[in-house]
Amino acid sequence: MGEAPVRVRNLNHYYGRGALRKQILFDIDTDIDRGEIVIVTGPSGSGKTTLLTLVGALRSAQEGSLQVLGRELNGATGSVLEEVRRHIGFIFQQHNLIASLSATENVELGLKVTRRYRRSALRRTARDMLAAVGLEERMDYRAEALSGGQRQRVAIARALAAEPMMVLADEPTASLDSTSGREVVDRMQALAREQGTTILMVTHDNRVLDIADRIIHLEDGRLAGFTDSVLANTQHMMSLVAMTHQKQDLRKVVDGLDETGFRNLLKQLDDEAQRVIQATALANDAVFHSLLEQGLQAATRKLTQLFDAERASLFLVEPERGTLLLRVSDNVEGEIRIPIGTGIAGAVAATGEPVRVDDAYADARFNPEVDKLLGFRTRSILCLPIRDRHRQVFAVAQLLNRRSGEPFAAEDETRLAGFLDSLGVVLESLQASAASVGEEMA
Ligand SMILES: Nc1ncnc2c1ncn2[C@@H]1O[C@H](COP(=O)(O)OP(=O)(O)OP(=O)(O)O)[C@@H](O)[C@H]1O
Ligand SMILES: [Mg+2]
C-alpha cells in the first residue's frame, strides 16, 4: 500500500443534535505514514479521544475526509468500518475486557477476529504476549480478578498480539508504574520498527514522549502548530519537574540528611536530569539550569554542616572565559566571577593542589575582594579541587572559618577529598546536561 495509512482532510466533528449540537473537532488536517509513531497531546476535553475513535472507525466521520487503511470512512457502511477495525489494535482507557473470561481467553478473542490463527496457535500466541507484558503469573485469572494495571496490560497484550497494521492507544501507560510503562511503549516501538505498524497514541506521560516520530497537539479541537506543540509540552514538562521540587523545601530536606542520604539526593537530581534529556529533545535549558543550581545549593549547604564551617563555596571553572563562577552556601544574589589564578580558589584551579590556610589575611594568594563583595570576614580556609572523570579540575570547593574558631585540620582535608570524589561525578554530569541543552537551544 503506497499511500499513508491515515489521511485526514478538513475533518470536523460534532456531538449532540439541534440546539445542543456542539463542534468538537475543527478542520483537522494530517497524514500519518506507515510505521510512524504519532503522539497526541492536549488538555482534557480538547478532543483527543474523539479523534482516536474516528480514526479507529469506532464512530462515523461526519464532515470532511478521513481515509484509514485505504478506505474512506466518511459515509462508509457498517461493514467497511468493521473491516477497517479488524486491522487495528485498540488500547483504550476503558479496557473492554470480558470480565468472566481469563486473561488468556481475552487475548485469544483479540486474535480470533483477525482470522489469521489456527486454534493451536491461538493459545500459544496469547500466552507469549501475556508473558511479554509481565503477566505470566496471571494468565488464567479472570479479568474481573485482576487489578486495574493488570487489566490494562491484558488489553495491551490483546491489541499487540494480533500484530495489527495500526495501533490506537489512549493513555496506555496511565495505570502502569514507570518500568512496565516503559516496557509497553518499547514493545509498541519495536512493532512499529519491525512490522511497519502505524501507532497513534494519546499520552500525558512525558517519560514516553521520546518514542514519537511526531507529536501533535490538540487545543480546543484544533491541531496546534509545531511551535505551539513544543511550547505546550515543554511547559508541561517543566512544571512537572518544578512541582517535584517545590513540594518540599530543599533546605529542610538537605539539613535532615546524613552523608549517604545527601549523596543519594544528588544522585536523584542527576538521574532526573538524565531522564528529562532522554525523554525528549524538547527540554528547555531552564530546567537543567534549575537542577544544576539546586545541586550546587544543596552541596554548599551540606558542606557547611558536615565540616562545621561558616560558609562553603563552589567555584565552577569556565575554561573558555578563563574565570571561576562562584556559588555560595548562603543565597547570594547575582553571579560573581573571578579570573583563574587569582585568590586561593584560583590558585587551586590553576595548580590542582589542595590549599589549607590558617590565617587568610596573612597569605599573599588571598584576594580580599570577594570578602568585601559579600560582607564576610575570612579567617581560615580549606580549598580543594573537584575533578571530572578525566581527572581534570572542573570545579573548586572552599570551606571558610570553622565555627569552633580552630583552623581546618589535616583530617578535614582527607575527609573533604573523599566527599568531593563522589560529589564531583554528580556535579559534572548535571553541569554537562545544562551545557549540552544550552547549546542545542542556542
Ligand atoms: N459521546 C459524547 N457526547 C457528547 N459530548 C461528548 C461525547 N464524548 C466527548 N464529548 C465532549 O467532547 C469533548 C472532547 O472529548 P474527548 O473525550 O475527545 O476529550 P479528550 O481530549 O480525550 O479529553 P481527556 O484528556 O479528558 O480524555 C469534551 O468536551 C467532551 O465533553
Ligand atoms: Mg480522552
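Scroll up for the structure.
Computed from a prediction, not measured in an experiment: that's the story for all the values here.

Rules used throughout
Residues numbered from 1 in each chain as written. Chains lettered and ligands numbered in written order. Predicted model: local features only at pLDDT ≥ 70, side-chain atom pairs only at ≥ 80, totals over all residues. Pairing = 2+ DSSP bridges. Helix = DSSP H or I, 4+ residues; strand = E, 2+ residues; numbered from the N terminus. Axes fitted to C-alpha atoms, helices over the stretch in contact; angles between N-to-C directions. Contact = placed C-beta atoms within 7 Å.

1. Here's the deal with the sheet that holds strand E12 (residues 323-328)
Either a parallel or an antiparallel arrangement is found when strands of a sheet pair, and the pairing is made through backbone hydrogen bonds.
Thought 1: With antiparallel pairing, the six strands of this open sheet are ordered in space as E13-E12-E11-E16-E15-E14. Taken across any chain shown, the strands that pair with only one partner, and hence form the sheet edges, are strand E13 (336-339) and strand E14 (355-357). For this sheet, the mean angle separating the axes of adjacent strands, direction not counted, is 25°.
Thought 2: Note: E12 against E13, four bridges, orientation antiparallel. Bridge pairing links Thr323 to Pro339 in E13.
Thought 3: Here helix H11 (residues 343-351) sits on the sheet and contacts strand E11 (309-318), E12, E13, E14, strand E15 (381-387) and strand E16 (393-402); the angle it forms with E15, its principal contact strand, is near 35°.

2. Here we look at the sheet that holds strand E5 (residues 71-72)
Thought 1: With antiparallel pairing, four strands are arranged side by side in an open sheet as E2-E1-E4-E5. Only two strands of the sheet have a single partner each, and these edge strands are strand E2 (22-32) and E5.
Thought 2: The sheet contact formed by strand E4 (residues 63-68) and E5 spans two bridges and is antiparallel. Across the sheet, Val68 pairs through a bridge with Arg71, a residue of E5.
Thought 3: Of the strands in this sheet, strand E1 (6-15), E2 and E4 are in contact with helix H1 (residues 48-55), which crosses E2 at around 60°.

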